[in-house]
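Commentary on secondary and tertiary structure
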Amino acid sequence: MQQDLNRVIEQVSKEKGIDKAILIGALENAMISAAKKTFGHQRKIEAQFNPEIGEVELFEARTVVEIVQDPEVEITLNEARENLDPDAEMGDELLCKLDSSKFGRIAAQAAKQNIVQRVRDAEREIIFNEFKGREGQLVNGIVQRFEKRNIIVNLGRTDAILPEKEQVPRERYRQGDRIRAYIVSVDITGRGPQIVLSRTHPGMLIKLFEQEVPEIYEGIVEVKGAAREPGGRAKIAVLSNDPDVDPVGACVGMKGTRVQSVVQELRGEKIDIVHWIGDQAEYVCRALAPAKVSKIIIDDDEHSMEVVVPDDQLSLAIGRKGQNVRLASRLSGWRIDVCSEAEAEEETRRARQSIGAIPGIGDIAAELLYQGGFKSAEDVAQSELEEIMDVEGISKEKAESLHKSAKEHVEEKQRKEAEAAAQKAAEIAAAAQPADESTAPAEVAASKEA
């Protein structure tokens, strides 16, 4: 039996991947707990595993005193010298070996539960530490079962969860299917490690390209960003650190083999590969591919871009249900407003007409304000004076005059609009009044006849 304990420690250590010291510590703590249940919690008991005999030895600590008041923790000097240590002195703390065979069934069961719990906790900690370092990586597993609409995936040593919101809507799985997913987070809970997986995360697209494209794995080609609408379309931006390597060609592969492998894993999700560039306007143009861009107006304050495309390219730039422009916006980090050349020309005409209606403004000043970003007389009136003064070519005196004129013009315009609205409401009320009066006699006559 003593040899069995050594063998059990060795076997459990190998199977569970738990350090022997942790198992031995669990045994020692379990024996101490069992001993205190048998002999009393007030007694000072220590445990030590002896590998030579394969046994956990129990010792009770007793203090050498002149007069014993508590025989369970104290011992006289004469008794200590006779039974424990011939050189014992007053105040020494001596260890006396206990007989573990006196343990009752309840104490032995408690010791067993203690060991099992310690081993389970150690195993959970090992699994947590193993997967905590794998956040942001791909993992392969097998569909184990379904809980509500979540999928429980068996990863071998533990289970992970693929929540409904992290699943691609069109994908369907059955029990036993193999699945590849992206590790989003690893947390420790009362029930052990909780590993959350995703099939929709943009990081999964990046990791798939890392596996298929050696240049990305080696750092020759760098992924600058990715955006996805899972199951529909995705965009990934890449940059080459080697002038002799085409980043887009490297990701596409010979006859498209590399990108097709990624598309196949994502169940047919279309992928646009964009060549990243530091010029943000040019980058947005590339991100909107396959649509061609005529002009871009950048607003740094709002971190937005107004993109003008040819009339026949508008639907292509926007994409199905706005998909293309949404992905381009996520990929670039800019808010993108797309309009056709005809819409842009009409907007320009209205803006110039509105600004030109300000009293006292000349054609040159109106054009300068328009080029400075003002789109209407209301913009000029509601802006700060400093903003108008910042427009190149407009002096301080001119800015003050235009600001005042714009405010008066807008106030007068709003007053006229309010009067027109009130007059229209009065006309509608007056038109409805005769109809009400004409029906009154008929109603009176009907009541009299009744």
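Basis of the calculations
Residues numbered from 1 in each chain as written. Predicted model: local features only at pLDDT ≥ 70, side-chain atom pairs only at ≥ 80, totals over all residues. Heavy atoms only, no water. Helix = DSSP H or I, 4+ residues; strand = E, 2+ residues; numbered from the N terminus. Buried < 20%, exposed > 50% of the residue type's maximum accessible area, 1.4 Å probe, protein only. Contact = heavy atoms within 4.5 Å. Areas by Shrake-Rupley, 256 points an atom, 1.4 Å probe, with all protein chains shown as cover. Core = buried A, V, L, I, M, F, W, Y, C linked by side-chain atoms within 4.5 Å. Pairing = 2+ DSSP bridges. Axes fitted to C-alpha atoms, helices over the stretch in contact; angles between N-to-C directions. 1 Å grid on protein atoms, 1.4 Å probe; cavity = no way out; pocket = protein on both sides within 12 Å on 5 of 7 lines; lining within 4 Å. Points joined across faces, edges and corners; volume = space filled by probe spheres on them. Polar contact = N/O pair within 3.5 Å; in protein donor to acceptor, adjacent residues only side chain to side chain. Phe/Tyr/Trp six-rings, centres within 6.5 Å; stacked < 30°, edge-to-face > 60°. Lys NZ or Arg CZ within 6 Å of the ring centre and 35° of its normal. Salt bridge = Lys/Arg side-chain N within 4 Å of Asp/Glu carboxyl O.

The next subject is the overall build of the protein chain. Tallying secondary structure elements over the protein chain gives 16 helices and 15 strands in all. Residues classed as buried in the protein chain amount to 37% of the 450 residues present. Summarising the internal contacts of the protein chain: among those between residues at least 6 apart in sequence, 57% fall at separations of at least 24. Accessible area of the protein chain: about 26,700 Å², with a carbon and sulfur share of 48%.

Let's shift gears to the nonpolar core. Within the largest apolar cluster, 21 residues are counted, with the highest numbers of intra-cluster contacts made by L205, F209, I236, V262, L266, I271 and I273. Here this core gets 4 residues from one element, more than from any other, and that element is helix α5 (residues 202-212). Contacts of L205, omitting those with residues within four sequence positions, involve A226, R228, A234, K235, I236, V262, L266 and I271. Ranked by size, the runner-up nonpolar core spans 20 residues in total, among them A237, V274, V284 and I336.

Moving on, we get to the sheet that holds strand β14 (residues 304-309). The strand order β13-β14-β15 describes an open sheet built from 3 strands, whose pairing is mixed. Across the chains shown, the open sheet's two edge strands, defined by having one partner strand only, are β13 (295-299) and β15 (335-340). Ignoring which end each strand starts from, the neighbouring axes of this sheet average 20° apart. Two strands pair when backbone bridges link them, and β14 and β15 are joined in this way by 6 bridges, in the parallel orientation. Bridging across to β15, V307 finds its partner in V338.

Along the polypeptide, D272 turns up in strand β12 (residues 270-275). Owing to a relative accessible area of 16%, D272 belongs among the buried residues under this scheme. Those residues in contact with D272 that lie beyond four places of it in its chain are R233, A234, K235, I236, A289 and N324.

With that out of the way, let us pick up empty space enclosed by the protein. It is the rolling of a water-molecule-sized probe over the atoms that shows where space remains empty. Applying the stated criterion to the full structure yields 1 cavity of 30 Å³ or more. Considered as a void within the structure, the largest cavity measures approximately 80 Å³ in volume. If you go around the largest cavity, the residues you meet are K295, I297, E306, V308, A344, E347, T348, A351, Y370 and K375. Every element with two or more residues in the lining of the largest cavity is listed here: β13, β14 and α12 (341-356). In terms of residues, the lining of the largest cavity owes the most to one element, α12, which gives 4 residues.

Another aspect to go through is the side chain of E229. Considering the arrangement of structural elements, one finds E229 in strand β10 (residues 221-229). Of the residues examined, E229 reaches a relative accessible area of 14% and is grouped as buried. Here the side chain of E229 touches R326 through a polar contact of 2.7 Å, side chain to side chain. What E229 contacts, discounting residues up to four positions off in sequence, is E269, Q323, R326, L327 and R330.

Each aromatic ring pair is described using two quantities: the centre-to-centre distance and the angle formed by the ring planes. Under the counting rule described, the total for this entry stands at 1 aromatic pair. Directly above the ring of W276 sits K224, whose terminal nitrogen or CZ lies 4.6 Å from the centroid.

Another aspect to go through is the pairing of strand β6 (residues 150-154). The side chains of a regular strand alternate between the sheet's two faces. By the bridge criterion, 5 bridges tie strand β5 (residues 138-147) to β6 in an arrangement that is antiparallel. Note on β6: the bridge partner recorded for R145 is I152. Counted between consecutive antiparallel strands, the loop separating β5 from β6 contains 2 residues, among which K148 sits at a positive phi close to 55°. Bridging between β6 and strand β7 (residues 159-162) involves 4 bridges; their strand directions are antiparallel.

On to the pattern of salt bridges, then. One pass over the structure, following the stated rule, counts 22 salt bridges. R199 is the partner of E171 in a salt bridge, and the nearest nitrogen-oxygen pair spans 2.8 Å. Taken together, the residues E171 in the loop between β7 and β8 (178-189) and R199 in the loop between β9 (192-198) and α5 connect sequence positions 28 residues apart. Comparing E171 with R199 shows no difference in burial state: the two are buried.

This part covers the sheet that holds β10. With mixed pairing, the 3 strands of this open sheet are ordered in space as β10-β11-β12. The sheet terminates laterally at β10 and β12, the two strands that pair on one side only. Shown here is a sheet whose adjacent strand axes are inclined to one another by a mean of 20°, direction ignored. On the sheet, α5 packs against β10, β11 (233-240) and β12 and is oriented at approximately 140° with respect to β10.

Before going further, it helps to examine helix α11 (residues 323-332). In terms of residue burial, α11 counts as a mostly covered element, since 7 of its 10 residues are buried. Listed in full, the buried residues belonging to α11 are Q323, N324, V325, L327, A328, L331 and S332. In this structure, the buried side of α11 is in contact with β10, β11, β12, α9 (280-287), α10 (314-318) and β15. Where α11 terminates, the next one or two residues include G333, which has phi positive at roughly 85°.

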